[in-house]
Structures are given as structure tokens and as C-alpha cells.
Amino acid sequence: DDISCSALATSPCCVPASSGGVATLRHLKLNFCTFFNGHTLAAAIAPAGCIETLELSGCNQLRDSDFQRFFAALPSLRSFRARASALSYQAFGDRSTKLRRLEVLDVSMCTGVTDEALGAIGECCPVLASLNIEGCRHVSDQGLQALAAGCSQRVAQTLSQLIMCGCQQVGDTGVCAIVRVCGVQLRHVAIDKTRVTGRGVRELLELRSLQRLAFNQCLYVRRDIHTDGVLSKLCSARRDIMPLATQTFCGYSTAAPAPRRMSNGNVKRLASLTPTH
């Protein structure tokens, strides 16, 4: 029930058959397989409506219409990853297609993902728990606000992990919008290399549910830590939830410095000072 291929050089239409039939297929991973088209794959997986995991990262030959076919044919889909693919907002443009069971969505490094895409994702994925939009440089605060608006229509909030490293147009406005709507469930957030300032980080650190927060290389935050006493105390009190890189960036790392290697000259000088018997 699990098929995983990397850089596949042949058409995947024969892959399900090799597992003894598509009826039991649950997990299909075809990352960086560029030698097939969307029609071929759609025909191959159409009978396998029970697929729960689909990974198509790096499949740049696939277009939004292909992704729409996959979504329509796989009502049981729970995890979808299309990192560094040609996917754009139009893949989610058909609002009639509801990804009712999708819990994990990774569209990182997809430059076609925009604010409009986040709005569609918020509407189409009612039980989404993990969203990775790392490197989606066209996403801004408006996109996060649209995502929050879509999430606000749900009976229960489910979003617990949000990764948006490298989204350089994202700032406090978008982060605060997510916190207001999804703050009860948020556990893991990564905002490295964004425009978020101390205000946004303070909003996140005040969430009781938060278990992991990374904001490495957020220059505005480091500035505010030294000028905002409340933020400084929060960062110090909750540094246990920060990765080591973030602690080091903010000056809170307790890791011992790596030992320096002595040069040959220093080794000889030390040897001359060592008493001999």
C-alpha cells in the first residue's frame, strides 16, 4: 500500500500495477519524477480513490489543471506535498472541490503560491493542521489574513503548525491575524527571515499552546529585544521552546563555545612551558 519513487525515469502508469492492484494503494510518492504528464498520472491513480498521501515535489511538468484532477479524484487525501513545483493559486481555484480530509499541505518553494492561494486553502481545507509555505515570496500579510478568514468559518480550529520561513512580505499584521483565529491550537511556528517584529513575536510567545517558535534572522526582533523589556523577559522565560539557532541569534544560547584549535606555534610554545621530569 506504499509506493515511493525518486527521479522516476518511466511512466508511473505501471507502478500501481506492480503492487498487485490500486485498490489498496494508500501512499504514493513520486518526488522529482519528471518523465510523465498529468493525464498519465490521473489515469493511473483514478481507481485508487483511497490514497491518503501524495507527494509530487519537484514535478515541474504538472500544471494547476492536473492538481485539480488529483484533488477531485482523491477524496481521502490527508497529506499532499508539492514542494518546488509549478503549483499556483489556480490549483485551489475551484472552490467546489473541498479537500475535506486534508491535514498536511506542503507547498514550500512554490513561487506561484500567492495571497489568493492562501484564501482558497483556508476555504477548501476545513481540517488543515499543518501548512508549509516556506519560500513562497509572493505571500504577504493579506494572504495570512485571508487564510485566517477561511479558518474562522470552521466549527473547530485545527491549524497547529505554520511554517513561513523566507516569506519576506509577511509581518506583524498577518501573524496577529493567525494568532487571533488559530491561537488556541498553534503549537509550532517558524517565521525565520520575515518582516515580523517584536510585536508579532510577543503575540506568539503569549500563546499557552505554543511548543516551538523559530525566528532566526528576524532583524527587527533582535532590535526590539534590547528595547522592549516585556519582550525580553518573555524570550528569556520561554527560550526552551526556541531552536538553538534562534537562541543564539537573540543572545540567549546557553551552549558552551566550541574549543579553539591551537596553531602549531602555540603548541610548541605550550610545550616549552611544560615542566619535564
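As the structure is a computational prediction, the values presented were derived from the model and not from experiment.

Draft legend 1. Focus on helix H7 (residues 198-205). Buried within H7 we find Gly-198, Gly-200, Val-201, Leu-204 and Leu-205. Along H7, the residues classed as buried sweep out an arc of 160° about the axis, all on the same side. If you follow the buried residues of H7, they end up packed against helix H6 (172-182), strand E8 (188-190), strand E9 (212-214), helix H8 (219-225) and helix H9 (229-237).

Draft legend 2. Region of interest: the nonpolar core. Ranked by size, the top nonpolar core spans 76 residues in total, and within it Leu-56, Phe-67, Phe-80, Ile-133, Met-164 and Phe-215 carry the most contacts. When residues no more than four places from it in sequence are discounted, the contact partners of Leu-56 are Leu-30, Asn-31, Leu-41, Leu-62, Phe-67, Phe-70, Phe-80, Arg-81, Ala-82 and Ser-85.

Draft legend 3. Seen up close, the packing of helix H4 (residues 115-124) against helix H5 (residues 141-151). As a packed pair, H4 and H5 sit with axes 7 Å apart at the nearest point and diverge in direction by 10°. By the angle between their axes, H4 is roughly parallel relative to H5. Where H4 abuts H5, its residues Asp-115, Leu-118, Gly-119, Ile-121, Gly-122 and Glu-123 lie against Gln-142, Gly-143, Leu-144, Ala-146, Leu-147, Gly-150 and Cys-151. The class makeup of the residues in the contact of H4 with H5 is six nonpolar, five polar and two charged.

Here is what the cut-offs are and how they apply
Residues numbered from 1 in each chain as written. Predicted model: local features only at pLDDT ≥ 70, side-chain atom pairs only at ≥ 80, totals over all residues. Heavy atoms only, no water. Buried < 20%, exposed > 50% of the residue type's maximum accessible area, 1.4 Å probe, protein only. Helix = DSSP H or I, 4+ residues; strand = E, 2+ residues; numbered from the N terminus. Arc of directions from axis to C-beta. Contact = heavy atoms within 4.5 Å. Core = buried A, V, L, I, M, F, W, Y, C linked by side-chain atoms within 4.5 Å. Axes fitted to C-alpha atoms, helices over the stretch in contact; angles between N-to-C directions. Parallel < 35°, antiparallel > 145°, perpendicular 65-115°, else oblique. Nonpolar A, V, L, I, M, F, W, Y, C, P; charged D, E, K, R; others polar.

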